[in-house]
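Residue-level structural notes
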Amino acid sequence: MGVGSVGLDIAVRIAATGIERLGVMDIDTVEELNLDRMVGATRADAQARRRKTEVAARLALSAATADNFEVEAHDMSITEHDGLAAALDYDVIFSCVDRPWPRAVLNAIAYADLIPVIDGGIALDSFPNGEMRGGTWRVHTLVPGRPCLQCNGQLRVNELTLDRNGLLDDPSYIERAGLEPMTGSPNVALLAASVSAGQLAQFVSLVASPAGMGVPGPLRYMLAPHHLEHVDAHSGLFCSYENGVADGDRRLPLTIPTTRRVSARRARPESWRRLRERLRTLMQRRPGA
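Here, residues in each chain are numbered from 1, in the same order as that chain's written sequence. The predicted nature of this model means local features are confined to residues of pLDDT at least 70 and side-chain atom pairs, given and counted, to a pLDDT of 80 or more, with totals for whole chains, interfaces and linings taken over all residues. Note: side-chain values were computed over all heavy atoms of the structure, leaving out hydrogens and water.

Thoughts on the environment of Ala 64
Think of it this way: any DSSP run of H or I at least four residues long counts as a helix, any run of E at least two long counts as a strand, and we number them from the N terminus. Summarising the element assignment, Ala 64 is placed in the loop between helix H3 (52-63) and strand S2 (70-74). The buried label goes to any residue with under 20% of its type's maximum accessible area, the exposed label to any with over 50%, and the partly exposed label to all in between, with areas taken from a 1.4 Å probe on protein chains only. On the basis of relative accessible area, Ala 64 is assigned to the partly exposed category, the value being 23%. Along the sequence, Ala 64 and Ala 16 sit 48 residues apart, while their C-alpha atoms lie 4.6 Å from each other. Not counting residues up to four positions away in its chain, the partners in contact with Ala 64 are Ala 15, Ala 16 and Phe 69. Note on contacts: a residue pair qualifies if any of its non-hydrogen atoms lie within 4.5 Å across the two residues.

Considerations on the pattern of salt bridges
When a carboxyl oxygen of Asp or Glu is within 4 Å of a side-chain nitrogen of Lys or Arg, the pair counts as a salt bridge. Counting across every chain of the model gives 19 salt bridges. In this structure, Arg 49 engages Glu 31 in a salt bridge whose closest nitrogen and oxygen atoms are separated by 3.8 Å. Of this pair, Arg 49 sits in the loop between helix H2 (43-47) and H3 while Glu 31 sits in the loop between strand S1 (21-25) and H2; the two residues are 18 residues apart in sequence, bridging distant segments of the chain. Overall, the relative accessible area of 42% leaves Arg 49 in the partly exposed class. A relative accessible area of 16% places Glu 31 in the buried class. Between Arg 50 and Glu 54 there is a salt bridge whose closest N-O contact spans 3.9 Å. Under the relative-accessibility criterion, Arg 50 is labelled partly exposed at 28%.

Some thoughts on helix H5 (residues 100-112)
In this model, H5 (13 residues) spans 18 Å end to end at C-alpha, consistent with the 18 Å of a helix rising 1.5 Å per residue. In terms of burial, H5 is a largely internal element, 13 of the 13 residues being buried. Just past H5, the residue Leu 114 takes up positive phi, approximately 55 degrees. Helix span, expected: 1.5 Å multiplied by one less than the number of residues in the helix.

What about the confidence of the model for the chain?
Confidence of the predictor in every single residue is expressed as pLDDT, which spans 0 to 100. Per-residue pLDDT for the chain has a mean of 87; in total, 84% of the residues score no lower than 70. Considering only residues more than four positions removed or in separate chains, one finds that residues 262-272, a stretch of pLDDT under 50, has 21 contacts.

With respect to the environment of Leu 252
Looking at where Leu 252 falls in the secondary structure, it is placed in the loop between strand S7 (227-230) and helix H9 (267-285). For the pair Leu 252 and Ser 240, spaced 12 residues apart in sequence, the C-alpha separation works out to 8.1 Å. In contact with Leu 252, not counting residues within four places along its chain, are Ser 240 and Tyr 241.

Right, dumping it as structure tokens:
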């Protein structure tokens, strides 16, 4: 789910492992700014604005070792009904998205539909002068008995609400609220492989259960001290996600009807700019304005 820097790496390595059926889901297209992290994507892909799923499927096919390998590209969002329906067809889901809303949907699937979701993410921190302060990345497998994204602090209700309302893409709202803009500009090419490696290790633990131990709880790696730790997170007594185990279609209603739209998150800020310009024009036409 999401085939950017981390998801693309996972898709290729899963195909090379011998998995016979793989699905990739994303709504974005390849741009020049993606080339520093999508290893295998080309300038021609960016110039043609090829879908990330098309590129991921091509690279997975070239790496596949199974005789009957199949890869299906889903050019849709998990936050919409069709995306959810497609995701429910799989046995394990790798969550490589960086937005609260899709992560909330995947969080619900892990418990309501009993489909393990292996989630990961990375964050970089810098000093005021721009030098690197450090970085952290976390990986965790969402299954009944392990804390969900909300309980381990990786999903906040207020951010989910803002994302669903499109406010995390509105520069003026972000500025007024004092929030950090959600952009993909930091170059994480050297560190993204650490996240994908962590998620793949969780997959091995889930499937092969080395030493009979199964998946660990949430793990966090801190770059500056090079310290790996188990996060002290516990399931909330009244967690709506974890109390919905095996709810199936009674899961939290987080998706919306499927809509046709052009790729990507870059279209949203542009739409906000157009709206503001239109409102400004209308205000200037008002008598006495």
